[in-house]
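Here's the letter readout for the chains.
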Amino acid sequence: MKRTKIKHLLQAETAASSVLVQGWIRTIRASKEFSFIELNDGSCLENLQIIITHTDQFQETLSELTTGSSISVEGIVTESIGQGQKWELKAEKIILLGEADASIFPLQKKRHSDEFLRTIAHLRPRTNKYGALFRIRSTLAQAVHNFFAEKEFFYVHTPILTGSDCEGAGEMFTVATQKTVATQKKDGTSKDFFGKPASLTVSGQLSAEMFALSLGDVYTFGPTFRAENSNTPRHAAEFWMIEPEMAFAGLDDIMQLGQELISFCIRTVQEKNADDLNLFAQFVDKNLTEDLHTLLTKEYARISYTDAVDILIKSNKKFEFPVAWGNDLQTEHERFFTDEYFKSPVIIYDYPKSLKPFYMRANADGKTVAAMDILVPRIGELIGGSAREERYEMLLANMKDLKLSEEEYWWYIDSRRFGTAPHAGFGMGFERLIMLVTGITNIRDVIAFPRTPGNLDF
Ligand code: 4AD
Ligand code: MG
């Protein structure tokens, strides 16, 4: 018999005759004549209730069925008399697939803290909350692809191993083989596997630009790595980034694209994961439903960096980090705009050139670059992007200022020598998007096996 997913069984219109389900026991309790199992197979939040009549046939198996064990059940779908769900399953045959010793199984039927569940990250997807979270994560990933497919963007796979630092922030992880430890020698005697130092990518942007300047509109969506030693709830050493890049486009185009992408993702989850999302609205963040509504309906505020600094100074608020033109905006400043001043997402654009990487397009004022960040309530920066410096001379000047090697970046510079064109793009942190949609406040709780300073378990 073919296995039926509990999700489909619960949505059925009419009672099916006989079905096979397989899953993990969430709870089991017994009355005099019957035992009741709540079975979950991961396909949805809801459990399927299984009724076992206490006959000789089941006696032996019943004694082995405990919370956490996996079973295979054949039975008849019948209308449920009790409240709650429409269908339940009258068991006719039960096979224990995998036992779970109740005396040591760590997931008992109480609510566990997020901190504890992080220590058993391999089992936490078996809880309601993390089951729901990882179903939503999956929906969001697919929504990203659907969004770009509908807009006719091409999906390019950019390398994870790289020889160039996109952001120039010195946060790259070095990659070396065990036999030949990477050397930084520039005299040609380097024993590095690739013949030169290699790193894990911090962004697929530079490669994506080459494809935008060939195919028009493209995006990448992959893992990125940063050795930032910032142990914050919003930074991970390994995270996923979505990076669209558009040719013949400027800052306005990517601001618009960013807002549309966020809305599309939220709407898709509301449609496809209503039950899962409701769990977060009920137990994780009471304002979630309202917040998501605001995100979908309110136009994002837009202000220049210079105006933002003015507003911060005039606010007379005490900030931990000093506010002055030329200083980077910190999380506390970003949150001031999203959570207090505008109470909506805000796009800040035209940042000081000195704060931004070499590839950003210089504005006519000579002091700022055409950069933009999309900040959202609770999180702060969700998206960072810019128009790219497509002018050959200007790009070279930037690289010289920052002491970047023209030889290393020869291929990137080439794109400005042969048929260069205006183009722009951004990066959206995928985990931060999940935090926005679910109300979860720690990045460690939206990725399967988080990698942060000091943590490489699982
Ligand atoms: O602003 P960032 O550094 O931009 C870039 O890397 C550009 N090259 C992207 C582009 O234009 N194609 O990073 C983009 C986004 C941030 O806004 C943030 O959401 C996320 O990536 N991000 C992180 N997320 C989790 N952990 C970290 N350590 C992150 N660093 C950045
Ligand atoms: Mg940024």
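None of the values given here were measured: they were computed from a predicted structure.

1. Considerations on a positive patch on the surface
Right, on to step 1. A surface patch of positive charge is lined by K2, R3, K5 and K7.
Right, on to step 2. Looking at the secondary structure, you find K5 in the segment before helix 1 (6–11).
Right, on to step 3. With relative accessibility at 41%, the residue K5 sits in the partly exposed group.

2. Things to note about the nonpolar core
Right, on to step 1. By size, the foremost hydrophobic cluster in this structure holds 65 residues, and its most contacted members are L140, F148, I262, M372 and M428.
Right, on to step 2. Membership of the second largest hydrophobic core comes to 31 residues, among which are C166, L329, A371 and I413.

3. Comments concerning the site of ligand 1
Right, on to step 1. Neighbouring ligand 1 are 24 residues, the closest being E167, Q205, E228, E243 and E381.
Right, on to step 2. Within the side chain of E381, one N or O atom sits 2.6 Å away from an oxygen atom of ligand 1.
Right, on to step 3. A distance of 3.5 Å separates an oxygen atom of ligand 1 from a polar backbone atom of G384.
Right, on to step 4. Looking at the shell around ligand 1, the elements with two or more residues in it are strand 11 (238–247), strand 15 (380–387) and strand 16 (423–429).

4. As for the pattern of salt bridges
Right, on to step 1. Applying the stated criterion across every chain, the model contains 18 salt bridges.
Right, on to step 2. The partner of E340 in a salt bridge is K317, and the shortest N-O contact between them spans 3.2 Å. Here the residue E340 occupies a position in helix 10 (residues 331–341), and K317 occupies one in the loop between helix 9 (305–314) and helix 10, the gap between them amounting to 23 residues.
Right, on to step 3. K317 sits in the partly exposed class, given a relative accessible area of 37%.
Right, on to step 4. Here the residues in one salt-bridge network are R118, R124 and D445, joined through shared partners.

5. With respect to the environment of D41
Right, on to step 1. Relative to the helices and strands, D41 resides in the loop between strand 2 (34–40) and strand 3 (48–53).
Right, on to step 2. The buried category is assigned to D41, whose relative accessible area is 13%.
Right, on to step 3. Sequence-wise, D41 and G23 are 18 residues apart; in three dimensions their C-alpha atoms are separated by 4.1 Å.
Right, on to step 4. For D41, the residues in contact, after removing those within four places along its chain, are R3, T4, K5, I6, Q22, G23 and W24.

6. Observations concerning the sheet that holds strand 3
Right, on to step 1. Read once around its circumference, the closed barrel built from 5 strands follows the order 1-2-3-5-4, with strand pairing classed as mixed. Here the average twist between neighbouring strands, direction ignored, is 55°.
Right, on to step 2. Taken together, the 7 bridges between strand 1 (residues 18–30) and strand 4 (residues 70–79) define a ladder with antiparallel strand orientation. Looking at strand 4, one finds that Q22 is bridged to S72.
Right, on to step 3. Here helix 2 (residues 56–64) sits on the sheet in contact with strand 1, strand 2, strand 3 and strand 5 (87–98), set at roughly 65° to strand 5.

Calculation rules
Residues numbered from 1 in each chain as written. Chains lettered and ligands numbered in written order. Predicted model: local features only at pLDDT ≥ 70, side-chain atom pairs only at ≥ 80, totals over all residues. Heavy atoms only, no water. Patch = residues over 30% accessible without salt bridge, like charges linked within 9 Å, V, L, I, M, F, W, Y side chains within 5 Å. Areas by Shrake-Rupley, 256 points an atom, 1.4 Å probe, with all protein chains shown as cover. Salt bridge = Lys/Arg side-chain N within 4 Å of Asp/Glu carboxyl O. Lys, Arg positive; Asp, Glu negative; His and termini not counted. Charge placed at Lys NZ, Arg CZ, Asp CG, Glu CD. Helix = DSSP H or I, 4+ residues; strand = E, 2+ residues; numbered from the N terminus. Buried < 20%, exposed > 50% of the residue type's maximum accessible area, 1.4 Å probe, protein only. Core = buried A, V, L, I, M, F, W, Y, C linked by side-chain atoms within 4.5 Å. Near = heavy atom within 4 Å. Polar contact = N/O pair within 3.5 Å; in protein donor to acceptor, adjacent residues only side chain to side chain. Contact = heavy atoms within 4.5 Å. Pairing = 2+ DSSP bridges. Axes fitted to C-alpha atoms, helices over the stretch in contact; angles between N-to-C directions.

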